[in-house]
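Residues per chain, in single letters:
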Amino acid sequence: MERMAHSSFRRVFVVLPAVLGLAVLVGAGAAAAGPGPYVSHDIRPGAGVTRVGWLSEYHPALKGTPGDTRVYVLEGSEPGATVFVAGGTHGNEIAGAMAATVLVEKAVVTQGRLIVIPRANNSAATYAEIEYGDPGQIWLVTPSGPRAFRYGARRTHPDHQGVPDPAVFVHPLGAEFEGAESRNLDRVHPGRADGTLTEQVSYAIVELLRREKVHVAFDLHEAGPTSRLANMLVSHPKGLEIGALALLNLEYEGISMKLEHSSVDFRGLSHREWGDATPAYSYLIETPNPAQASAGSDERRNADPVNDPESPLWKRVGTHLDTVRSVLDAFAMTDPGFAFSYAAPGYAELEARGLGASLN
C-alpha cells in the first residue's frame, strides 16, 4: 500500500558544489502535497516557448483535477514536423522530467514544432515513497539561485484515482497486471475518456498526439541500474530501423544504448499504444537511476539520485537529450520530407557546465 509522505520524516544529503550547476541538496524537505487540485512546478519557460497550455484542452474533464498538467509549445518560424516529448510519466524517474524541463527552458526551435509535457502524470508528483528511501524533492543550483524540483512516486496518488485498486488490473487489450498498476500511466494507454484519472490522462495525451498531428513522440523514463532496461531505447516496430541508426550515431559520440522493439503482447505502454493509436513514430528512453533499486533495499535507501558517481543526474539527462536529438537526426537522414531544426543543451554541455547551469 502506497502511503503519503509525512512531514516528520527528513532525509537530506548536502554537497558543496565546486562549480555552478552541481546539486546542493537532495531531501524530503517539506512534506509532499496531499490530495487536492493541480500541483504546480518551478518551470521557467525560455525564449523558445511560444505558447503555454493545459492537457485538459484535449480532454476538458481533466480541468481542475490533479491530472491536469502544463503543455509547452515551441514553434519555429518555418513550418516542419511536430515532435512531442513527455517526462514525468513516473514521478520518481527524475531524469526524464528534468530533460523535458531543460527543453522548455533552453530549447529554441527554428523549423517545425516541439510540444513538451515535463510532468505527464502530475498526480504522481504530489507524493513520494519516502518510506522506501525516496526523497520528496531535489535541489539544483541554477543561474537564478537554488531551485527545488519535486521527486514523486511511480503511480497516480491513490486518493486521486477515483476508485480503489482492483485485485488484478486487466488492460482492455488483454494484458494483466497487479491491481496497483491501474494507476501506472505507462500501463493504461491509450486510455479512456470515461475511465479512471490515470486513464483519462492517457486519453488526453493520445488526443494531443492525434489533434496536433505529431510525427515523432518520446516518453522519457528511468530504470534500476541493474535492470535490462537501463540505457535502452524502446521503439514501436514502425520506427525500429530509425532507432537502430540513431543508436549507431550515438555510439560514435560515446553514448552506448540498447535497442528493443515494442512487444505485441505486453500492452498499455506508450511506445506500443501511441504508435498503434496514432500516426506518430513512438519511442521510450530509459536511463539508469540509482534510486530505482528494489523498494526498501539498502541500495535504494542509500542512493543519491543526483550525485551518484556512476550515474549522476546530469549524465542521465544528457543521455535523454542526446538520444532524442539522435533519433530526430536519423529521421532527417532517411526522410527528405522530415523537417525539424532546434537548438538545445545536450550531453557535452551538461558534462562541461552541469545540469543546473543548463536551466534558467
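Residues numbered from 1 in each chain as written. Predicted model: local features only at pLDDT ≥ 70, side-chain atom pairs only at ≥ 80, totals over all residues. Heavy atoms only, no water.

**Concerning the environment of Pro345**
By the element assignment, Pro345 lies in the loop between β15 (341–343) and α7 (347–353). Using a relative accessible area of 7% as the deciding quantity, one classes Pro345 as buried. Sequence separation between Pro345 and Ala107 is 238 residues; the distance between their C-alpha atoms is 7.4 Å. Contact partners of Pro345, with chain neighbours within four places excluded, come to Val102, Lys106, Leu321, Leu350 and Ser358. (Helix = DSSP H or I, 4+ residues; strand = E, 2+ residues; numbered from the N terminus. Buried < 20%, exposed > 50% of the residue type's maximum accessible area, 1.4 Å probe, protein only. Contact = heavy atoms within 4.5 Å.)

**What to know about empty space enclosed by the protein**
Enumeration over the complete set of coordinates arrives at one cavity of 30 Å³ or more. Its volume calculated, the largest cavity comes out at about 30 Å³. Lining the largest cavity are Val83, Val85, Leu103, Leu114, Val324, Leu328, Phe340 and Tyr342. The set of elements that each furnish at least two residues to the lining of the largest cavity consists of β5 (78–86) and α6 (313–334). (1 Å grid on protein atoms, 1.4 Å probe; cavity = no way out; pocket = protein on both sides within 12 Å on 5 of 7 lines; lining within 4 Å. Points joined across faces, edges and corners; volume = space filled by probe spheres on them.)

**Focus: the pairing of strand β14 (residues 281–288)**
β14 sits mainly inside the fold: seven of its eight residues count as buried. Where strand β11 (residues 216–223) meets β14, eight bridges bridge the pair, whose relative direction is parallel. Paired with Leu220 across the two strands is Ile285, which belongs to β14. (Pairing = 2+ DSSP bridges.)

**Quick look at the pattern of salt bridges**
Counting across every chain of the model gives 23 salt bridges. Between Arg147 and Glu105 there is a salt bridge, with its nearest N and O atoms 2.7 Å apart. Within this pair, whereas Arg147 is found in strand β8 (residues 145–150), its partner Glu105 is found in helix α1 (residues 94–106), the two being separated by 42 residues in sequence. Grouping residues by exposure puts Arg147 and Glu105 together as buried. Through salt bridges with shared partners, one network takes in Glu93, Arg154, Arg155, Glu178, Glu181, Asp186 and Arg187. (Salt bridge = Lys/Arg side-chain N within 4 Å of Asp/Glu carboxyl O.)

**Re the packing of helix α3 (residues 240–252) against α6**
Where α3 meets α6, the closest approach of the two axes is 8 Å, and the angle between their N-to-C directions is 120 degrees. Between α3 and α6, the angle falls in the class oblique. The element α3 and its partner α6 pack so that their crossing is right-handed. Counted together, Ile242, Leu245, Ala246, Asn249 and Leu250 of α3 and Asp322, Thr323, Ser326, Val327, Ala330, Phe331, Met333 and Thr334 of α6 form the full contact between these two elements. Along the lines of polarity and charge, the residues of the contact of α3 with α6 split into eight nonpolar, four polar and one charged. (Axes fitted to C-alpha atoms, helices over the stretch in contact; angles between N-to-C directions. Parallel < 35°, antiparallel > 145°, perpendicular 65-115°, else oblique. Left-handed = near helix turned anticlockwise from the far one by under 90°. Nonpolar A, V, L, I, M, F, W, Y, C, P; charged D, E, K, R; others polar.)

**So, the layout of surface pockets**
In this model, the largest pocket occupies a volume close to 450 Å³. Looking at the lining of the largest pocket, the elements with two or more residues in it are β11, β13 (258–261) and β14. Top contributing element to the lining of the largest pocket by residue count: β11, with three residues.

**Some thoughts on the pairing of strand β4 (residues 70–75)**
Sheet topology places strand β3 (residues 51–54) next to β4; four bridges connect them, and they run antiparallel. When the bridges of β4 are listed, Gly53 appears paired with Val71. Sheet topology places β4 next to strand β6 (residues 108–117); four bridges connect them, and they run antiparallel. If you follow Val73 over to β6, its bridge partner there is Ile115.

**Examining unusual backbone geometry**
Going from His189 to Pro190, the amide bond is cis rather than trans, its omega being 10 degrees. Residue placement: Pro190 occurs in the loop between β10 (176–178) and α2 (197–211). Positive phi outside glycine occurs at Lys213, with the angle close to 50 degrees. Examined against the element boundaries, Lys213 turns out to sit in the loop between α2 and β11.

**Observations regarding the side chain of Glu222**
As for its position among the elements, Glu222 is in strand β11. Residue classification places Glu222 among the buried residues on the basis of a relative accessible area of 2%. A distance of 3.1 Å separates a polar atom in the side chain of Glu222 from a polar atom in the side chain of Asn289. With sequence-adjacent residues up to four places away left out, Glu222 is seen in contact with Glu93, Ile94, Ala95, Glu286, Thr287, Pro288, Asn289, Gln292, Arg316 and His320. (Polar contact = N/O pair within 3.5 Å; in protein donor to acceptor, adjacent residues only side chain to side chain.)

**Structural notes on the confidence of the model for the protein**
Confidence in the prediction for the protein averages 90 pLDDT; 90% of positions are at 70 or higher. Within the model, pLDDT remains below 50 along residues 1–35, and this stretch shows 96 contacts once partners closer than five positions in the same chain are excluded. (pLDDT = per-residue confidence, 0-100.)

**Thoughts on the packing of aromatic side chains**
Going through the model one piece at a time under the given rule, you end up with nine aromatic pairs. Relative to Trp274, the ring of Phe84 has its centre 5.7 Å away and its plane inclined at 70 degrees; by these criteria the two rings are edge-to-face. Here Phe84 is found in strand β5, whereas its partner Trp274 is found in helix α4 (residues 270–277), with 190 residues between them in sequence. Overall, the relative accessible area of 0% leaves Phe84 in the buried class. On the basis of relative accessible area, Trp274 is assigned to the buried category, the value being 1%. Look at Phe169 and Phe177: their rings are 6.0 Å apart centre to centre, the planes differ by 25 degrees, and that puts the pair in the stacked class. Since its relative accessible area comes to 10%, Phe177 is described here as buried. Taken together through their ring pairs, the aromatic side chains of Phe218, Tyr281, Tyr283, Phe331 and Phe338 make up a single cluster. In this arrangement the basic side chain of Lys238 is found over the ring face of Tyr281, its NZ or CZ atom lying 5.8 Å from the centre. Geometry around Tyr342 places Arg325 over its ring, the cationic atom sitting 4.6 Å from the centre. (Phe/Tyr/Trp six-rings, centres within 6.5 Å; stacked < 30°, edge-to-face > 60°. Lys NZ or Arg CZ within 6 Å of the ring centre and 35° of its normal.)

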